[in-house]
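Coordinate analysis (summary)
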Amino acid sequence: MKILEVKNLVLKYPVYTNPKRSLKNKIINISFAGKINKDENTTYIQAIDGISFDVNYGDKIGIIGGNGSGKTTLLRSIMGIYEPISGSILCKEKITSLINIELGIDEDATGYENIFLRGLVLNVTKKKIEEIIPSIEEFSELGEYLNFPVRTYSSGMKVRLAFSILIALEPKMILMDEWLSLGDKSFKEKASKKLNEIISKASCLIIASHDYGQLQKICNRIIHIEKGKIVNEIKPEELKI
Amino acid sequence: MTNINSPSPFNDFINNLKNSEIWFRVSIHDIKQRYKRSTIGPLWVTISTSIIVFFLSVVYSQLFDVPLETYLPYIAVSIILWNLFSSIIIESCEVFVGSSQMLLQLRLPFYFYIFRLVSRNFIILFHNFILLLILIFLYPNLININYLFFIPLSLIIYFLTGVSIGMMLGILCTRYRDITQIVINVIQLSFFITPILWKRDMIKSDNQWMIDINIFNHYLDIFRLAFLYQEYSYFSLLISLLFCLFIFIVSFLMFNKFKKKINYWL
């Protein structure tokens, strides 16, 4: 059964060099009829050029491709951040992004405050947050530190907090840009195990990565994109590590 | 299957209203953060406004040769309102640019960011109201009970206008980054050409048109006149209502036109 359908997705980034951003130059251009700035049309980068694919329940899709091939842009458009020029994306479930898990962590707020803040912007009810707090406490192993401002945390501890919050929410449809790098060795193993568990329970995962070994372990489909187009779709076993 | 593309501008607005708890609580958090490590916290807002109002009114009442007991409350109300207007307008320029990280990672209504900004400034306004309460206590005649109704009405007009200005400037300043500088200049200039430090009756009646064409004056008056035991200006109220409606529609049309592009401009 289909959970996500991407159809003929086309997406262009306008590139604004600094002169393009300035109102002054716009006015000068009007008054001198475009003589000063010869390049009149805005430059566009064709980030995604007609991509279509379907995702079924249980699919774990790895997206590979060189730098600038459009992987992150594709993920962002699936999240609904960039609206496509044409084409459509249809989806059935709430999408959770694990692209930048530390986003929205407020340095001056305490660990607990951050849990509530994070829940707020993810539109999770306060009741639900209160329910998951014990599991966050347990998993992050931060103990007393949760009462301290995040500014006093080490970077590894911040990751622990952010990761524990997201995992406690048990996301169903997950987007990731590269496998997460998660703190120290002991937490890394525990977190990877947990993440694998969440992924196996999730209804779908889309991960963009260069780590073919990792992709082979978790994915059942690999989509190769270059220059914003799908080159081909292969089985994970066919990846040359 | 639902389309992933962000909802229509109308739904964006409605969704944001439905989830009012989000922007309201985030804006409270913003204020708490700002005064986190100070002992008396947001009361600093009240104290600093009071200091400014006190010294300005003492000096200027001498300068203009007006009695302090009428001039002090006038300055207090005017400065408090002006702080609200100017900080909403100036912060509007950064409303999307400053939240670019959130905009590129989360799917919240665009109006969330605007409401958060306006609501944050209203919390500051309410802290400043403590000063007004002290003044009412000192000068019981200050507030005109008959006009009391206009105070909440003005606040609603301010809030709606703030939301509209936020959306308009937010979009414009995201696309053209130097508009921020223009806005700051306009605000600085407006402070001097609007009756804030000086009063309408201090200038010649021939030149009063300069005040009448100033929209800031009408916006100040709809609140201020209820306070200072003067004749209420229904004309100002009408102008403010019309302006509020007009700018809301314009900002909404702008949002409708550029909604898709905001994230690309960041």
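Residues numbered from 1 in each chain as written. Chains lettered and ligands numbered in written order. Predicted model: local features only at pLDDT ≥ 70, side-chain atom pairs only at ≥ 80, totals over all residues. Heavy atoms only, no water.

The space that makes up the largest pocket amounts to roughly 1,200 Å³. Every residue lining the largest pocket is counted, 43 residues in all, and those nearest its centre are Met79, Lys94 and Ile95 of chain A together with Arg107 and Leu108 of chain B. Among the elements of the structure, strand 5 (95-97) and helix 4 (111-121) of chain A together with strand 1 (2-3), helix 1 (9-18), helix 5 (100-105) and helix 11 (234-265) of chain B are those that each provide at least two residues to the lining of the largest pocket. Partitioning the lining of the largest pocket into residue classes produces 19 nonpolar, 13 polar and 11 charged. (1 Å grid on protein atoms, 1.4 Å probe; cavity = no way out; pocket = protein on both sides within 12 Å on 5 of 7 lines; lining within 4 Å. Points joined across faces, edges and corners; volume = space filled by probe spheres on them. Helix = DSSP H or I, 4+ residues; strand = E, 2+ residues; numbered from the N terminus. Nonpolar A, V, L, I, M, F, W, Y, C, P; charged D, E, K, R; others polar.)

So, on to the pattern of salt bridges. Evaluated as defined, the whole model comprises 17 salt bridges over all chains. For arginine 221 of chain A, the salt bridge goes to glutamate 233 of chain A, with nearest N and O atoms at 2.6 Å. Residue arginine 221 of chain A is found in strand 8 (residues 221-226), and its partner glutamate 233 of chain A is found in strand 9 (residues 229-234); the two are separated by 12 residues along the sequence. The partly exposed category is assigned to glutamate 233 of chain A, whose relative accessible area is 44%. For arginine 224 of chain B, the salt bridge identified is with aspartate 221 of chain B, shortest N-O distance 3.0 Å. With a gap of 3 residues between them, arginine 224 of chain B and aspartate 221 of chain B both fall in helix 10 (residues 215-227), about one helical turn apart. Note on accessibility: arginine 224 of chain B and aspartate 221 of chain B belong to one class, buried. By sharing partners, the salt bridges in this structure join Lys2, Glu5, Lys7 and Asp54 of chain A into a single network. (Salt bridge = Lys/Arg side-chain N within 4 Å of Asp/Glu carboxyl O. Buried < 20%, exposed > 50% of the residue type's maximum accessible area, 1.4 Å probe, protein only.)

This paragraph deals with empty space enclosed by the protein. Residue and element names in this part refer to chain B. This structure, assessed with the given rule, holds 1 cavity of 30 Å³ or more. At the level of elements, helix 4 (68-92) and helix 6 (110-138) are the ones that each hand at least two residues to the lining of the largest cavity. By residue class, the composition of the lining of the largest cavity is 4 nonpolar, 4 polar and no charged.

Residues and elements named next belong to chain A. Sheet analysis places strand 3 (residues 59-64) next to strand 8, joined by 4 bridges and oriented parallel. The partner of glycine 62 across the bridge, within strand 8, is isoleucine 222. Two successive antiparallel strands, strand 8 and strand 9, enclose a turn made up of 2 residues, where lysine 227 displays a positive phi of approximately 50 degrees. (Pairing = 2+ DSSP bridges.)

The interface of chain B with chain A comprises 36 residues on the first partner and 46 residues on the second. Contact between chain B and chain A buries roughly 3,800 Å² in total, counting both sides, with carbon and sulfur atoms accounting for 56%. Summed over the shared surface of chain B and chain A, the number is 1 salt bridge. Its salt-bridge partner being lysine 259 of chain B, residue glutamate 83 of chain A comes within 3.1 Å of it at the nearest N-O pair. Inspection of the chain B/chain A interface yields 4 residue pairs in polar contact (both at pLDDT 80 or more). Listed by contribution, the elements that provide at least two residues to the side of chain B that touches chain A are strand 1, helix 2 (20-34), helix 5, helix 7 (150-175), helix 8 (179-193) and helix 11 of chain B. Element by element, the count of residues in the side of chain B that touches chain A is highest for helix 2 of chain B, at 6 residues. (Contact = heavy atoms within 4.5 Å. Buried area = accessible area lost by both parts, 1.4 Å probe. Polar contact = N/O pair within 3.5 Å; in protein donor to acceptor, adjacent residues only side chain to side chain.)

Here the focus is the confidence of the model for chain A. A residue-level look at chain A finds 90% of positions with pLDDT of 70 or above and a mean pLDDT of 81. Long-range and interchain partners of residues 33-39 of chain A, a stretch whose pLDDT sits below 50, account for 5 contacts in this model, where long-range means more than four residues apart. (pLDDT = per-residue confidence, 0-100.)

Time to look at unusual backbone geometry. Residue and element names in this part refer to chain A. Its identity is not glycine, yet asparagine 8 carries a phi of approximately 45 degrees, on the positive side. Mapped onto the secondary structure, asparagine 8 falls in strand 1 (residues 2-15). Its identity as a non-glycine residue notwithstanding, lysine 227 has a phi of 50 degrees, on the positive side. Here lysine 227 lies in the loop between strand 8 and strand 9.

The subject of this paragraph is the packing of helix 6 (residues 155-168) of chain A against helix 7 (residues 185-201) of chain A. All names here are of chain A. Between helix 6 and helix 7, the least distance of the axes is 11 Å, while the angle of their chain directions is 20 degrees. Compared by their axis directions, helix 6 and helix 7 come out roughly parallel. For the pair helix 6 and helix 7, the sense of crossing is left-handed. Contacts between helix 6 and helix 7 pair Arg160, Phe163, Ser164 and Ile167 from the former with Ser186, Phe187, Ala191, Lys194, Leu195 and Ile198 from the latter. (Axes fitted to C-alpha atoms, helices over the stretch in contact; angles between N-to-C directions. Parallel < 35°, antiparallel > 145°, perpendicular 65-115°, else oblique. Left-handed = near helix turned anticlockwise from the far one by under 90°.)

Core analysis: the largest hydrophobic core is formed by 131 residues, its most contacted members being Phe163 of chain A together with Phe96, Tyr158 and Phe223 of chain B. Contacts of phenylalanine 96 of chain B, omitting those with residues within four sequence positions, involve Leu103, Phe110, Tyr113, Ile114, Met167, Gly170, Ile171, Thr174, Ile262 and Leu266 of chain B. Counting residues in each nonpolar core, the second largest holds 33 residues, with Ile51, Leu74 and Ile99 of chain A together with Tyr264 of chain B among its members. (Core = buried A, V, L, I, M, F, W, Y, C linked by side-chain atoms within 4.5 Å.)

Attention now goes to helix 1 of chain B. All names here are of chain B. Pro9, Asp12, Phe13 and Asn16 are the residues of helix 1 that are buried. Across the axial projection of helix 1, the buried residues extend over an arc of 95 degrees, all falling on one side. In this structure, helix 1 carries Phe10 and Lys18 as exposed residues pointing more than 90 degrees from its buried face. At its buried positions, helix 1 is contacted by helix 2, helix 6 and helix 11. (Arc of directions from axis to C-beta.)

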